[in-house]
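Structural features, examined
So the chains spell out like this:
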Amino acid sequence: MLDYIRVATAVPPVVVGDAVKNAADICNFIRTADAEGCDVVVFPELALTGYTCADLFFQHTLLRESMKGLEAIMACSKNHPGVTSVVGTPAVIEGQMYNCAAVISSGELKGLVTKTHLPNYGEFSERRWFSSSEDLLATSVTLRDLGIAGQGTVPVGRDLLFKVGDGCVLGVEICEDLLTPIAPSAMLSLSGANVIVNLSASNELVGKDTAIKNLVLRQSGACTCVYAYCSAGYTESTSDLVFSGRSIIAENGRMLQENTRMPDAGYMLVQDCDLGRGRNDRIKSTSFRAASARFGNPELYAESAEHLRADGTLYPLRKLSFVPEDRLGMGLVGNMDITDNMMLRSYRKGKSLFLERKAPKNLAQKIIEDLEVVTPGTSSPVRRLSGGNV
């Protein structure tokens, strides 16, 4: 068994309020994800209707169309059984509306994960339209009650886990959930989830991009998991908010891939992630085991695809052993010249208070020639070297 999973974050060009068109775009991304061998593809928060529908969420027409769109996505998924899709949608359960993530695989709705923490401050008014998962008493709902054709029931709630293939346990949280002191992803990870996806619609503010990146990296490290964050694209910017289409895929505290163009929409990031690395780190971590024993509470495993398809060809590997990836930041002093950087470890060995410059300079010149370093000379600051030299 290969220990890789191929994860995609897809940001469609959402048309606010047009669930039929948005469902068609989502289906196109599912087909693309299948063609690229993806195991899981995650879409932004409320991608089926658009996040900025505001009081349109009270319109029964929009809710009916969103369920029809969900049916279309389920039908598309039936033709692409290797891909598990996580799609943001509103849903009415027991007479209350919830901000949900629909987990779909092999033509079936595997579960509806409900958002817990609803921002109701500043520019956000989610409690005007949605109820929290804390208000949800039901643990399942029938397809008929959702307004979807078909028989059977669907698990609903915050603490759902989904078994994807033969190595992935998938957990889901939605946007603001990540920003809380005890995020749902923490409990999901302690209950067995090794891949967390976050459906988000986070508007842009000065400095917010760095804060979100740090949060994702920190959470993937603390939970020892793969964390895929997917936020609404610029086509959501129809009111007084600006959305940028931020996507981040991290693993065990390390950035694997992020989109570099912002604002953005109509794109998909695809990345292989190493499940074996996280599994091994959890085995070694006595702290993770202790926390899992105390707080872990696995409630549900819903089967999804049979096997993971990723082969690791899209996984970033270090080309040099024992050398940090950020060699310039961790191994060198950028403002010092080449000679000083080469001799840093030797200066403390000197017997005199005075430094003899000729010998170190000659040695630095010899190393430059032997390693074919492209530089004007030994006195050039290291920060001016091109990336190929470092």
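The structure contained in this document is the topic of the report that follows. (Residues numbered from 1 in each chain as written. Predicted model: local features only at pLDDT ≥ 70, side-chain atom pairs only at ≥ 80, totals over all residues. Heavy atoms only, no water.)

Attention shifts here to the environment of Gly88. With respect to the secondary-structure elements, Gly88 resides in strand 3 (residues 84-93). A sequence separation of 41 residues divides Gly88 from Ala47, and the C-alpha atoms of the two residues are 5.1 Å apart. (Helix = DSSP H or I, 4+ residues; strand = E, 2+ residues; numbered from the N terminus.)

Further remarks concern the packing of helix 1 (residues 19-35) against helix 2 (residues 60-78). At their nearest, the axes of helix 1 and helix 2 sit 9 Å apart, and the two run at 20° to each other. The pairing of helix 1 with helix 2 is recorded here as roughly parallel in orientation. Considering the relative orientation of helix 1 and helix 2, their crossing is right-handed. Contacts between helix 1 and helix 2 involve Ala19, Val20, Ala23, Ile26, Cys27, Ile30 and Arg31 from the former and Glu65, Ser66, Gly69, Ala72, Ile73 and Cys76 from the latter. Grouping the amino acids of the contact of helix 1 with helix 2 by side-chain chemistry returns nine nonpolar, two polar and two charged. (Axes fitted to C-alpha atoms, helices over the stretch in contact; angles between N-to-C directions. Parallel < 35°, antiparallel > 145°, perpendicular 65-115°, else oblique. Left-handed = near helix turned anticlockwise from the far one by under 90°. Contact = heavy atoms within 4.5 Å. Nonpolar A, V, L, I, M, F, W, Y, C, P; charged D, E, K, R; others polar.)

Among the eight residues of strand 14 (residues 267-274), eight are classified as buried, and the element is accordingly described as predominantly covered. Side chains Tyr267, Leu269, Gln271 and Cys273 of strand 14 all project onto a buried face; the interleaved residues Met268, Val270, Asp272 and Asp274 project onto the opposite face, where all are buried too. Of the pairings in the sheet, the one linking strand 1 (residues 4-11) to strand 14 comprises eight bridges and is antiparallel in character. Bridging across to strand 14, Arg6 finds its partner in Asp272. (Buried < 20%, exposed > 50% of the residue type's maximum accessible area, 1.4 Å probe, protein only. Pairing = 2+ DSSP bridges.)

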